[in-house]
Each structure stands twice: as C-alpha cells, then as structure tokens.
Amino acid sequence: MKKYLNLTIAFSAMAIVFASCNKGGDEAKMIPGNAIFVASINMQSVNKKISWKEVKQTAWFQKLYADSTTPEWRRKILDNPEASGIDLDKNITFFATKNGEQDMYLVAEGIIKNEKDFEQFNKNFDPAQNVTKSGDVSTLTLKDQSILAWKGNQFAYVMNSSFNPSQVMSNWNDTANLPSNPAPINNSALLSGYAVKLFTLHADSSLAKNDKFSDLLKSKGDMYFWQNTEESMKNNPALGMVSMLKMDAFFKNNFSAFTVNFENGKIEIDQKQYMSKELSDLMKKYKGSGINKDMIANIPSQNVLGIFTTSFKPGLLEAVIKMIGADGLANMFLQQAGFGLEDLSKANNGNMLMAVTDLQMKANTLKDIKDSAGNDLNMMIPDMKFSMVMGVKDRPSFEKILNAGKKMLSQMPNDTTVSMVLNDKYFVASNSATLANQYLAGNNKNKFDFIDKIDGQSMGAYVDLHKIFTQLSTQPTNNEERKALMDENLKFWNYVSMKAGDMDGDALKGEIKINMLDQNTNSLKLLNNYADGMFKIAEANKLRNPDKRNLDSLLTPPPVDTIPTK
C-alpha cells in the first residue's frame, strides 16, 4: 500500500475521533448484509470525553506538526480536520466484505460537509488524478488504484485487503523513496464498480433490516463492533477436512456484537454472541447456576495473577460432540486411551478453574550462552505457578481419564513436570506439587476481592495487571528504556475482569471491564496520556541509541535483562 492511500486512511482514522453517530437506519443502508466486520463510533459521546485540543498537546502530534517536511496542506488539516471537507459531526463507518475466497474489500464511509474542500483534500495526494463520473457518482482513483467515490454528501473509500495498517503513520511524511515493487495488476475498474454499487444497495441486501445490528446501534455506547462469523467461515478450506461433521452448528447465524464505553478509569465492553438455535438450546439446557466461589477461595496463595473459571451442568461437552456428529469418532479415540465419551460426562461436576499465581523473578544461568567476557550468562526470568482444577462427580471415571493423562505425560520429554492429584472432591493438575496437594487438602478459606467482580454468570475471568507489573518491576535492570516502560505501565494499569454465560434469547451475554489506576479521569484521556508517555520513552531511547531503536520497538516485549554486574 503506497503512501498516498495510507495518508487518506490515516486522516480518515483521525476523523473518527470527531465523528458523530446518529444510530439511525441510514447508517446501515450502505453496508452489505454479508459484511464480515463493521466498526462504528458514536463520537458525539466521545467528543465530550476527549477533544482534538488535547490530542494536539501530545508530543507525537507536536513533532509531526513541526516537521519541516510536512507540506502546508497537511499541516492545515492537522490544525483543523474540518478543512478536509468531511462532516465531523456525522458518522464514519468501516467495514470489510469478502472478495473471493481470500481477498477482501475494505471500506470507509462518511458524510461530506464541503464538496469543494473534500475534493481538493483528496487530490492533494495525487494532483495528476482527475475526477470521473459514473452516473451521478463521482470517483477518484488514488495512486495505489484504490477508489474514492461520492454521491451527494456521502463518500466511500474502497480498497483491497493488501492495505497494511502498520504503514499508515510511518508514511504520513514520506514524500520520496517509495519502494520499487512490481507493477500491480490494475483492479481499479473492479473497485470502482463495487464503490458505485454501494450507493444503490437495496435495503434487503444491506444491514438496514438486520434487527440484531439495529439493536447494537441502539444501545448506549461510544464504539460498536459487529462480526459475522458465518460469513467469514464460508468456503474456509479448513472446514473441508471435517466436512463429515455438522460444524455449521457453530457458525450458522453466528454474530458477535460489541458495545464499548469509555468511562472514568475504565473501559466497559458488553458483548452478545448470537448462535444457531441448536447451539443456543444446548447452552440454555446446560447453563450453570454461577461460578463456584468455594473453588476460588480454596486457592492456596494470596498472590493470584489471574484466573478463569466456568460452571456448567455435566454433559455439555458430550452433548456438543454429539450435536456435530463426532461422538463415534471421539469414542474410537478415547477408548484407545482407556475411557469413553460417557466417562467425560460422568467424571466431572461441571466446575472448572484455571489459576496463575506466585510470580517471581528468578536468576537462571544459561551455560550455552556467554556474555561479552566469556562467562555463562545469568538472566532473570519470570517464574510462576499454573494450576487447573476440576470438580469431581464420579471418581472411578475420573481415574480412567487421569491414568490416560499420566500415560501421555510419560511419553513427553523428561523436563515436563506436571503434578496430577485426585480425591473425591477435586482433580488438580499443576506445575507445583506443593500447591496441588495444598489445594487438594481443602483447608484454604481465602477472601479475594476480585470474586465479586466476576460473580453473577457461568463464566468469569480476572487478570491483575498491576500485580504483574509490580512483580516484574522488582527485576534489577540497567536498561533505561525498560525501566521507563515498566514505570509507565505500573502507574497506568489496574486489572481486567470478565463474566459471561447468561442467555438472552439466542445470544450469550458477556461483559469485560478494563480498569486503570486513576478512577477519576475518563479512560480516553488516560489512554491519550499513556500513548503520549510511551512515545516520549521511544523518543528518549532514540537519543540514547540513534542507530538501534525506534518506535517499532514498543510493539515488541522488552528483552529479559541480564543481572547487572558490580
């Protein structure tokens, strides 16, 4: 994807920060009903939570604005995005549709406020291009053959899936030295035809009459996401290998709808996972009464980093396997291991818990790696305990499964250390024999504050980000960038919680909450400040190491440090 379209999309992304979503049916009229992904943003709400003035105060913006290579017209847009001619009081929508088995069309749609300014804004990318007409639709071919089309006050950018988002901002100021790639096949005619059709899309072929999509936009939210799993899985080669199974039960009428709200100190995400009637009936039949809080309280550690727990009626797994017609195949393989499909249902009571605890940084000597002095390299690496617990319903059946598991482990490398213990109440598998036996003893009555945050449905999860960063920050380091990154994360993140499992009609409901330490400031402002802090760290590191590091280094985890020598 060449720089000119990247600039167009970069600005379109910025324009979202100002757009306003009317939540009306008009929004869906130009979105095909087979769209596999849709993103919409209610920036009438977002605009109240963060302003462009606040964005302009960030270090990355000021550097971009002050760059002497930035053309004046771009600086004008940065100063006042409305100079683009885009109506920043109206909605901008992004969606993707399949174009063949692998390729996709990516589309950005919105409203024009000033057609003259809008046309000039886009022609700045390539003054040699001319506007053409297809009926009453105007089109402009961009340098990489992507198409901009507009009719009246509506516009649509259409491109293919070769678009690379990671190049957008990096090419914003690149005015020369474009990569010399082989000349692409000219597909502008296909894209133009698709763009023109969007303006005459029949309501029955769009999302305008999709009640589930309409319900999503009617909910209170700052951002909306829609995913059509059934459409994305069509013609998937991977399904060909399991064509004898009735896998369509997982994909038919499967839609995911997400509503995102930026509140003070947290991001709240509400989800509805729509399913086929067959699958939703199973979920209703085997729905549990809620997570088992006693199982969580029995964790023999106060240093809990994260957990995932579920509670469903026994037999759900067997019912799902039978639903897709895989019970005969499953029994054949399981019987070779020494148990049957029925044993899976009889063995457990439907309660399951996975926990990560006791993170510490420990010294480790790498004898095969030498430091600059030729000595064995000593490194600090994270060490933690992993545990999986299942409630026992029928011990003899569980023993069959356990024996099969032990046999499998005996065939694995010698450094595999998993302890598996069982009694009439619990089965525990852990990388710590001490923890497994302490859990099995059942003498722990811990009161964890996070239980209330995940209680209320059949699934719950919790990750203590602040505790993780606190533990990692105890690692000694001479790396100034790593220390700055750790400090930035330590003062920002708190925890993530999730709960799900209740059914609303044919939809599985769930909610996710991403919490920051500062609970008094809107999370959009906090994210803006956080991103600015990360950028400043990258810039400081460039000054220290001008030839080695750049902003891309922030996209990869920091290296594990060696132990400082005295």
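Here the structure is shown first, and the text comes after it.
Residues numbered from 1 in each chain as written. Predicted model: local features only at pLDDT ≥ 70, side-chain atom pairs only at ≥ 80, totals over all residues. Heavy atoms only, no water.

Enquirer: Run through the overall build of the protein, naming residues and quoting values.
Expert: Counting secondary structure elements, the protein contains 22 helices and 18 strands. Burial statistics for the protein: of 566 residues in total, 47% are counted as buried. Here the contacts in the protein between residues at least 6 apart in sequence split such that 73% fall between residues at least 24 apart. Put simply, the protein shows about 28,500 Å² of open surface, and 52% of that area lies on carbon and sulfur atoms. (Helix = DSSP H or I, 4+ residues; strand = E, 2+ residues; numbered from the N terminus. Buried < 20%, exposed > 50% of the residue type's maximum accessible area, 1.4 Å probe, protein only. Contact = heavy atoms within 4.5 Å. Areas by Shrake-Rupley, 256 points an atom, 1.4 Å probe, with all protein chains shown as cover.)

Enquirer: Hey, could you go over empty space enclosed by the protein for me, with residue numbers and the actual values?
Expert: Applying the stated rule across the entire model yields one cavity of 30 Å³ or more. Volume-wise, the largest cavity comes out at about 40 Å³. Lining of the largest cavity is provided by Ile299, Pro300, Leu353, Ala355, Thr357, Ser387, Val389, Leu435 and Tyr439. Of all the secondary-structure elements, those providing two or more residues to the lining of the largest cavity are strand E12 (348-370), strand E13 (376-392) and helix H18 (433-441). Considering each element in turn, the lining of the largest cavity owes the most residues, three residues, to E12. Across the lining of the largest cavity, the residue classes break down as seven nonpolar, two polar and no charged. (1 Å grid on protein atoms, 1.4 Å probe; cavity = no way out; pocket = protein on both sides within 12 Å on 5 of 7 lines; lining within 4 Å. Points joined across faces, edges and corners; volume = space filled by probe spheres on them. Nonpolar A, V, L, I, M, F, W, Y, C, P; charged D, E, K, R; others polar.)

Enquirer: Explain the pairing of strand E10 (residues 266-274) residue by residue, including any values.
Expert: Two strands pair when backbone bridges link them, and strand E9 (residues 255-263) and E10 are joined in this way by nine bridges, in the antiparallel orientation. Paired with phenylalanine 258 across the strands is glutamine 271, a residue of E10. The antiparallel hairpin formed by E9 and E10 contains two residues in its connecting segment, where glycine 265 sits at a positive phi of about 75°. Across nine bridges, E10 lies against strand E18 (residues 507-516) in antiparallel orientation. Bridge pairing in E18 places lysine 272 opposite lysine 509. (Pairing = 2+ DSSP bridges.)

Enquirer: Which residues make up the packing of aromatic side chains, and what are the values?
Expert: With the rule as written, the count across this model stands at 21 aromatic pairs. For the pair phenylalanine 448 and phenylalanine 450, a centre-to-centre distance of 5.1 Å together with 20° between the ring planes defines the contact as stacked. Phenylalanine 450 gets classed as buried once you look at its relative accessible area, which sits at 6%. Three or more aromatic residues joined by ring pairs form one cluster here, namely Trp52, Trp60, Phe61 and Tyr65. (Phe/Tyr/Trp six-rings, centres within 6.5 Å; stacked < 30°, edge-to-face > 60°.)

Purely spatial values, then, with no claim about function.
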